Amino acid sequence: MKAAKLILCLILMTSVRPIFAQPSESFTEKARKAHAYMSSGQIDKALPLIDDLLKEDPTNYQILQYAGYIFAVQGKYQEAQNYFDRCIQAVIAQSSDSNPVLGDCYMYRAKCGYSIGNYPDSILYYKKAHDIFVASKGLNSKEAAACLYEIGNSSYSLGDLKTAQDSFQKALEIRKQVYGEDSVECAQCYTYLGMLSFSSANYDDALELYKKSLAITSKKLGENSPSTATCYYTVGT
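In this report, we go over the structure that sits alongside the text. (Residues numbered from 1 in each chain as written. Predicted model: local features only at pLDDT ≥ 70, side-chain atom pairs only at ≥ 80, totals over all residues. Heavy atoms only, no water.)

1. Details of the overall build of the protein
The condition is simple: Going along the chain from the N terminus, every DSSP run of H or I of four or more residues is numbered as a helix, and every run of E of two or more is numbered as a strand. Exposed residues in this analysis have more than 50% of their type's maximum accessible area, buried residues have under 20%, and partly exposed residues fall in between, with area computed by a 1.4 Å probe over protein chains only. When checking whether two residues touch, look at their non-hydrogen atoms; a contact exists if any pair is within 4.5 Å.
A count of helical and extended segments in the protein gives twelve helices and zero strands. Each helix (α) and strand (β) of the protein, taken in turn from the N terminus, gives the series α-α-α-α-α-α-α-α-α-α-α-α. By the burial criterion, 45% of the 237 residues in the protein qualify as buried. For the protein, long-range pairs separated by at least 24 residues make up 55% of all intrachain contacts whose partners lie at least 6 apart in sequence.

2. Quick word on the nonpolar core
The test is simple: What makes a nonpolar core is a set of buried Ala, Val, Leu, Ile, Met, Phe, Trp, Tyr and Cys residues whose side-chain atoms join them at distances within 4.5 Å.
Of all hydrophobic cores here, the largest spans 44 residues; its most connected members are Ile50, Leu54, Ile63, Tyr106 and Met107. When contributions to this core are tallied by element, the ones reaching two or more residues are helix H2 (25-39), helix H3 (43-56), helix H4 (61-73), helix H5 (77-94), helix H6 (100-115), helix H7 (119-137) and helix H8 (142-158). Top contributing element to this core by residue count: H4, with ten residues. Not counting the four nearest positions on each side in its chain, Ile63 is found in contact with Phe27, Ala31, Ile50, Leu53 and Leu54. Residues Ala145, Ala171, Ala187 and Tyr192 belong to the second largest nonpolar core, which totals 17 residues.

3. As for the packing of aromatic side chains
Two aromatic rings, taken as a pair, are described by how far apart their centres are and by the angle between their planes. How we decide: Two rings from Phe, Tyr or Trp (for Trp, the six-membered ring) form a pair when their centres are within 6.5 Å of each other. A pair whose planes differ by under 30 degrees is stacked, one over 60 is edge-to-face, and the rest are tilted. Any Lys NZ or Arg CZ found within 6 Å of a ring centre and within 35 degrees of that ring's normal is scored as a charge over the ring.
Applying the stated rule across the entire model yields eleven aromatic pairs. Relative to Phe168, the ring of Tyr149 has its centre 5.4 Å away and its plane inclined at 70°; by these criteria the two rings are edge-to-face. Taken together, the positions of Tyr149 in helix H8 and Phe168 in helix H9 (residues 161-179) put the pair 19 residues apart, joining distant regions of the chain. Ring geometry for Tyr149 and Tyr192: centres 5.8 Å apart, planes at 80°, overall edge-to-face. Taken together, the residues Tyr149 in helix H8 and Tyr192 in helix H10 (residues 184-199) connect sequence positions 43 residues apart. Grouping residues by exposure puts Tyr149 and Tyr192 together as buried. Taken together, Tyr149, Tyr156, Phe168 and Tyr192 form an aromatic cluster joined through their ring pairs. Arg175 extends its terminal NZ or CZ atom over the ring of Tyr149, reaching a point 4.6 Å from the ring centre.

4. Side note on helix H11 (residues 203-221)
For clarity, the threshold we go by: Expected helix span is computed as 1.5 Å times (number of residues minus one).
Along its 19 residues, H11 runs 26 Å from first to last C-alpha, staying within 8% of the 27 Å computed at 1.5 Å per residue. All buried positions along H11 are accounted for by Ala206, Leu209, Tyr210, Ser213, Leu214, Ile216, Thr217 and Ser218. At the C-terminal side of H11, Gly222 shows a positive phi close to 100°.

The values reported here are purely geometric and, on their own, carry no functional implication.
Written out as structure tokens, the structure is:
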């Protein structure tokens, strides 16, 4: 359930792109209502509209994307993957392979793979998303950094520590440029880099990285935030 809530949070923060190519006013109005319901967390009201819209146009990539989001929020990751796969095929057929919507679909397809423990699949789709965002938004974009961070996360879960280290380090360098060196986004990278150092028995390096993460997190989120508490725990270990 935690993973489902995280996916919903990320969806609403980033990539529900209200792009409607259909000329039908009723179709467009229905799609806007579905988007509004999703944004307010009223998934039960959005789902019937999504079903109707897909009956009317089963290859509309925006609506397929919405359907994938809904199933992901419900924790039905296999079903979500199917809709994201259909969305990917539709975007490629109707648009271009550099459309940012395609990058979004790859990202959430990857998140579904991660949520069910299919880390190789997750890495594959994060890499595809990374390539799209580099082409459409630039090598040092926040979207490219997010993909690298998630590649690091999936690689760490898979036990590929070298790839994880390289990915987190690259994400950190980009995030320093995009968000600033004392950003929460950088603190996240420091935490994982600390975990990697700890795994390699480089305890002094690990402690230094954990302390960097703690200093940033406590400053930005406050001493009483759950993230700060986690940082204190890692420093203590």
